[in-house]
Amino acid sequence: MEKRDYKGPIENSIEMAIEKIENLLKSDYYLSGRSIAILLLQEDEEIRNLVKEKDVANFDRIEDIIKDTKLHYANPISYELAIERQDEVKDILGRYVKFEKDRISPQEKLSRALMNPLFGIPALLLVLYLGLYKFVGQFGAETVVNFLESSIFDKYVTPFSTVLAARIIPWIALQDLFIGEYGIVTMAFRYAFAIILPITAVFFLFFSLLEDSGYLPRLAMLIDRTFKKIGLSGRAVIPMVLGFGCATMATMVTRILPTKRERIIATLLLALAVPCSAQLGVIMALLQHNPKALLVWAGVILFIFLLVGYLTSKILPGERPSFYMEIPPLRIPSLSNVMIKTYVRVKWYFLEIMPLFLWASVLIWIGRLTRVFDLLINLLKGPVSAIGLPPEASKAFLFGFFRRDYGAAGLYDLNAHNKLDGVQLAVACVALTLFLPCIAQFLMNIKERGWKTGLGISVFILVFSFSVAYALNIILRSLVVVL
Amino acid sequence: MDKKIMPLSKLDINKKAKVSHIKTEDKAMLQRIIAIGALPNTDITLIQRFPSFVFQIGKSQFAVDKELASCIYVRQI
């Protein structure tokens, strides 16, 4: 490529500095000396450390050249270089590219409407209602789950494996591991294939459609002002929306957030107040005939989300978040792309969680066999009774830790056997949504945020979830609310 | 005489303008603006200001917050 001279004072020009630095670089960097020199002048930390390590002898002289050059420019070198590049690009474009006159296409009109709060916020609510409630909640978590559970598992898989296990496993205790109430086939496989798989598959399909249509950045710009109040920027909608699918995966996606402060706030909120699709499915099923309790649940969770975010952003030190995002044109998603993305995500999710399901079954089996679980369940009976639930619900909370949805599903069974009233249902759903994340998310929190923060978040949630449920129960009861 | 220079956040909607200069002491902010390409002499049009600032440069659109929009100074043309 043609070498281009940078403008500026001749004897201290950027071009001169590049040449001088190039001559001082003696090691091999895989990149050309010129590239390294330009990166050094732009104060790229990574490259600076690399050169400090590799060219020890000349490093001080290189630093002097950079310092000296900076003195001769009013603006940072990276800015000067960006302007030079831009001028060059304009020059080339002007010679070879002709632009059509700008006119506003129908897509552009729709795009602007979606970014205008007057139309955009109702559109957002409609997207959430159709996508999350109708498609994921009703179609995925009810229609498909019911079909798989009752027509496949209850009819064929469970009876067949029960007979088979009874025949080939002589010990009742070991039979329990496979076909007991929390057995590998009866619980782990059933939950994984008949409940979690369809819900997450449908959710990821919805998310991929949203992503490929280019809607997410528009959602981010609509919500940025609100998110700023809780210490996040609009960019954080991506992990937050993903959290409705799988909060564990979403915690990993918090890596796209630029500062540590934002990542901590997002991790905490995901663990505390964003219900995952598996939980949402069961909660919807629990509360579907009780719209008032559903409203109370949703209101409390939203309030806690905003309150905890607001307080955390006040307490945590660090820079305020900044928001900038490119708004791509709206597009009709390509079906094959959407399918591939959904497939890859479901596969990742499944490979990641299936072992945990199996472990959960094994741990529950051991815990029950050794009676450690009875002890823990008894310990939890106190707080569970304090929030106005029957003591049997403590089982749902303990198992909830192994997977959040086990807990919700346990509650579902409890409700089927001994009817809970509306207030109990709302309080239980609030407590379970806020309660400790599942073991997978717990491990992810520690992996992404480190021991101290990860553990700290969990302890906080343990105490906080019961406190909120306790307060909610007292408020609802003393107001004599009937849900 | 040049037309008035003002921060992008004060520019009228759909009026053509050119970036005159960038004003920020914050290096990270400057990097963001460089990444967006809102550099001096670039044509820029503000599309909307609420709830976030959206502007167009060439064929690309960007959404930014008020802090960033206030660092980009423009001249109406």
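The structure reproduced in this document is the subject of the present report. (Residues numbered from 1 in each chain as written. Chains lettered and ligands numbered in written order. Predicted model: local features only at pLDDT ≥ 70, side-chain atom pairs only at ≥ 80, totals over all residues. Heavy atoms only, no water.)

1. Quick notes on the interface of chain A and chain B
Now for step 1: Across the contact, 31 residues belong to chain A and 33 residues belong to chain B.
Now for step 2: Buried surface at the junction of chain A and chain B, summed over both partners, amounts to about 2600 Å²; 52% is from carbon and sulfur atoms.
Now for step 3: Of all residues in chain A, A:Y79, A:R225 and A:Y324 bury the most surface against chain B, accounting for 23% of the area lost on that side.
Now for step 4: On the surface where chain A and chain B come into contact, there are four salt bridges.
Now for step 5: The salt bridge partner of A:E319 is B:R32, with a shortest N-O separation of 3.9 Å.
Now for step 6: The interface formed by chain A and chain B contains 13 residue pairs in polar contact (both at pLDDT 80 or more).
Now for step 7: Residue assignment for the side of chain A that touches chain B shows that the elements contributing at least two residues are α5 (77-96), α6 (106-115), α10 (215-229) and β1 (324-327) of chain A.
Now for step 8: Broken down by element, the side of chain A that touches chain B gets its largest block of residues, six residues, from α5(A).
Now for step 9: Looking at the side of chain A that touches chain B residue by residue, the classes come out as 14 nonpolar, five polar and 12 charged.
Now for step 10: In this sheet, strand β5 (residues 60-64) of chain B lies alongside β1(A) in antiparallel orientation, the contact comprising four bridges. Note that in β5(B) the partner of A:E326 across the bridge is B:F62. (Contact = heavy atoms within 4.5 Å. Buried area = accessible area lost by both parts, 1.4 Å probe. Salt bridge = Lys/Arg side-chain N within 4 Å of Asp/Glu carboxyl O. Polar contact = N/O pair within 3.5 Å; in protein donor to acceptor, adjacent residues only side chain to side chain. Helix = DSSP H or I, 4+ residues; strand = E, 2+ residues; numbered from the N terminus. Nonpolar A, V, L, I, M, F, W, Y, C, P; charged D, E, K, R; others polar. Pairing = 2+ DSSP bridges.)

2. Remarks on the packing of aromatic side chains
All names here are of chain A.
Now for step 1: Applying the stated criterion to the full structure yields 14 aromatic pairs over all chains.
Now for step 2: Plain terms: the ring middles of F227 and F305 are 6.4 Å apart, the flat faces sit at 45 degrees to each other, and that makes the pair tilted. Placement of F227 in helix α10 and of F305 in helix α15 (residues 291-315) is noted, with a sequence separation of 78 residues between them.
Now for step 3: We classify F227 as buried; its relative accessible area is 7%.
Now for step 4: Taken together, the ring pairs in this structure connect F203, F204, F206, F207 and Y349 into an aromatic cluster.
Now for step 5: Here K54 stacks its cationic end above the ring of Y29, 5.0 Å away from the centre of that ring. (Phe/Tyr/Trp six-rings, centres within 6.5 Å; stacked < 30°, edge-to-face > 60°. Buried < 20%, exposed > 50% of the residue type's maximum accessible area, 1.4 Å probe, protein only. Lys NZ or Arg CZ within 6 Å of the ring centre and 35° of its normal.)

3. Focus: the pairing of strand β2 (residues 16-22) of chain B
Residues and elements named next belong to chain B.
Now for step 1: Of the strand pairs in this sheet, β2 and strand β3 (residues 43-48) are connected by three bridges, and their pairing is antiparallel. Among the inter-strand pairings, A17 is bridged to a residue of β3, identified as I44.
Now for step 2: Summarising the sheet, β2 and strand β6 (residues 72-76) pair through five bridges and their orientation is antiparallel. Paired with K18 across the two strands is R75, which belongs to β6.

4. Points about the sheet that holds β2(B)
Now for step 1: Taken in spatial order, the seven strands of this open sheet run β1(A)-β5(B)-β4(B)-β3(B)-β2(B)-β6(B)-β1(B), and their pairing is antiparallel. The outermost strands of the open sheet, each flanked by one partner alone, are β1 of chain A together with β1 (5-7) of chain B. Mean inter-strand twist for the sheet, computed between neighbouring axes without regard to direction, equals 40 degrees. (Axes fitted to C-alpha atoms, helices over the stretch in contact; angles between N-to-C directions.)

5. Let's talk about unusual backbone geometry
Now for step 1: Following B:F50, the chain continues to B:P51 via a peptide bond in cis, the omega torsion being 0 degrees.
Now for step 2: Summarising the element assignment, B:P51 is placed in the loop between β3 and β4 (53-57).
Now for step 3: With a phi angle near 70 degrees, A:R371 is a residue other than glycine that sits in the positive phi range.

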